[in-house]
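# Structural characterization, general
In case you want the letters, here they are:
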Amino acid sequence: MSLTALYRHVRDHLQAAGVTASVVFGNREPAKQINQGAGRANRVVIAPGDDGGALGGYDAPAKPGRNPRPLWDWLLVARVYVWTYDASAPQDEAVQWDAVVELHERVVEAIHSFTAGFYKLSAPRRLGPIEKRFGEELVFLLEYAQPVCALPRPRREPIAAQGQTLLVTPAGEEQGC
C-alpha cells in the first residue's frame, strides 16, 4: 500500500468514473500549469509530506502475523490538492465551489476504497487569492497506515509441532503487505 500505488488507484478510479481531471504525483506538481486536466485547471495532485516536509510517524502494526511480517505501520502523510474550474460560469463562485466539492468527494471516495478505512483526513483549506481567482482550489492532508515489512518468508509446508498441524497455507504464500 505505497503512496504511489494510492496515486495510481485514485487516477484509475477517477478515470473509470468518467472524471476528466488530471491526477499527478510529486512535490513539484502543485506549482505547474502544464499538468491541468480537460477544460483547464481540473487536476488532483498527491504530494508526499506536509508543508514542512514531515512524512509522518510510526505506530505498532495494525495487522501483525502476515507474511511478509509488518514491523511497523508508517503513518504516512501526504498533501492532496484538488483544483477545478467550471467554464460555464467563470465568475460565479457558487458554480466554482460546487465543482471543487464534487471532485473532492470523488477523490475521498477513491482514497477510501484503496485504504479500507485506515486513513485520516485533515481539515481542507482553500488556496489562492480571493480576487482574480481561476476556478477553486483546496488542499488537505491525508494520513494513512503503510506497513513497513520484513523480507517475505515463503512457507511451502504446513507448520507442525509434536505431530499436530498448526498452520496450513494452501498456496504456500499469503497475501502480504
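As a reminder, the structure under discussion sits directly above these lines.
A short tour of the structure in this document, coming up. Bear in mind that the values here come from a model prediction, so they are computed numbers and not experimental data. All chains use their own residue numbering, which begins from 1 and follows the written sequence. Residue-level local features of this predicted model are given only where pLDDT is at least 70; pairs of side-chain atoms are given and counted only at 80 or more, and the full residue set underlies all totals for whole chains, interfaces and linings. Excluding hydrogens and water, the side-chain figures rest on all heavy atoms present in the structure.

### Examining the packing of helix α1 (residues 3–16) against helix α2 (residues 93–115)
What counts is decided by this rule: Between N-to-C directions, angles cover 0 to 180 degrees, with each direction set by a line fitted to C-alpha atoms, over the stretch in contact for helices. Under the DSSP-based scheme used, a helix requires at least four consecutive residues in state H or I and a strand at least two consecutive residues in state E, with every element numbered from the N terminus. When describing relative orientation, an angle under 35 degrees is termed roughly parallel and one over 145 degrees roughly antiparallel, while 65 to 115 degrees is termed roughly perpendicular and anything else oblique. What makes a crossing left-handed is the near helix being turned counterclockwise from the far one by less than a right angle; a clockwise turn instead makes it right-handed. Only heavy atoms matter for contacts: two residues are in contact if any of them lie within 4.5 Å across the pair. Classification used: nonpolar for Ala, Val, Leu, Ile, Met, Phe, Trp, Tyr, Cys and Pro, charged for Asp, Glu, Lys and Arg, polar for all others including Gly.
Following both chains from N to C, one finds α1 and α2 inclined at 125 degrees, their axes separated by 9 Å at the closest point. Classified by the angle between their axes, α1 and α2 sit oblique to one another. The two elements α1 and α2 cross, and the hand of that crossing is right-handed. Taken together, the residues of α2 that come into contact with α1 (itself represented by Ala5, Leu6, His9, Val10, His13 and Leu14) are Leu103, Arg106, Val107, Glu109, Ala110, Ile111, Ser113, Phe114 and Thr115. Partitioning the contact of α1 with α2 into residue classes produces nine nonpolar, four polar and two charged.

### Some points on a nonpolar patch on the surface
Rules: Only residues whose relative accessible area exceeds 30% and that form no salt bridge are eligible for patches; like-charged ones are grouped when within 9 Å, while nonpolar side chains (Val, Leu, Ile, Met, Phe, Trp, Tyr) are grouped when within 5 Å. Accessibility throughout is a Shrake-Rupley quantity obtained with a 1.4 Å probe, and a residue counts as covered only by protein chains that appear here. For this document, the term salt bridge refers to a Lys or Arg side-chain nitrogen within 4 Å of an Asp or Glu carboxyl oxygen.
On the surface, a nonpolar cluster with roughly 360 Å² of combined accessible area is contributed by Tyr58, Leu71 and Trp72. As for its placement among the helices and strands, Tyr58 is situated in strand β3 (residues 56–59).

### Quick word on the environment of Arg43
How we decide: Summary of the burial criterion: residues with accessible area below 20% of their type's maximum are buried, those above 50% are exposed, and those between are partly exposed, where the area comes from a 1.4 Å probe applied to protein chains only. Here a polar contact is recorded for every N or O atom pair within 3.5 Å, except that within protein the pair must consist of a potential hydrogen donor and a potential acceptor, and residues adjacent in sequence are included only if both atoms are side-chain atoms.
Relative to the helices and strands, Arg43 resides in strand β2 (residues 43–48). Under the relative-accessibility criterion, Arg43 is labelled buried at 2%. For the pair Arg43 and Glu137, spaced 94 residues apart in sequence, the C-alpha separation works out to 9.4 Å. Polar side-chain contacts of Arg43 include one of 3.5 Å to the backbone oxygen of Glu29.

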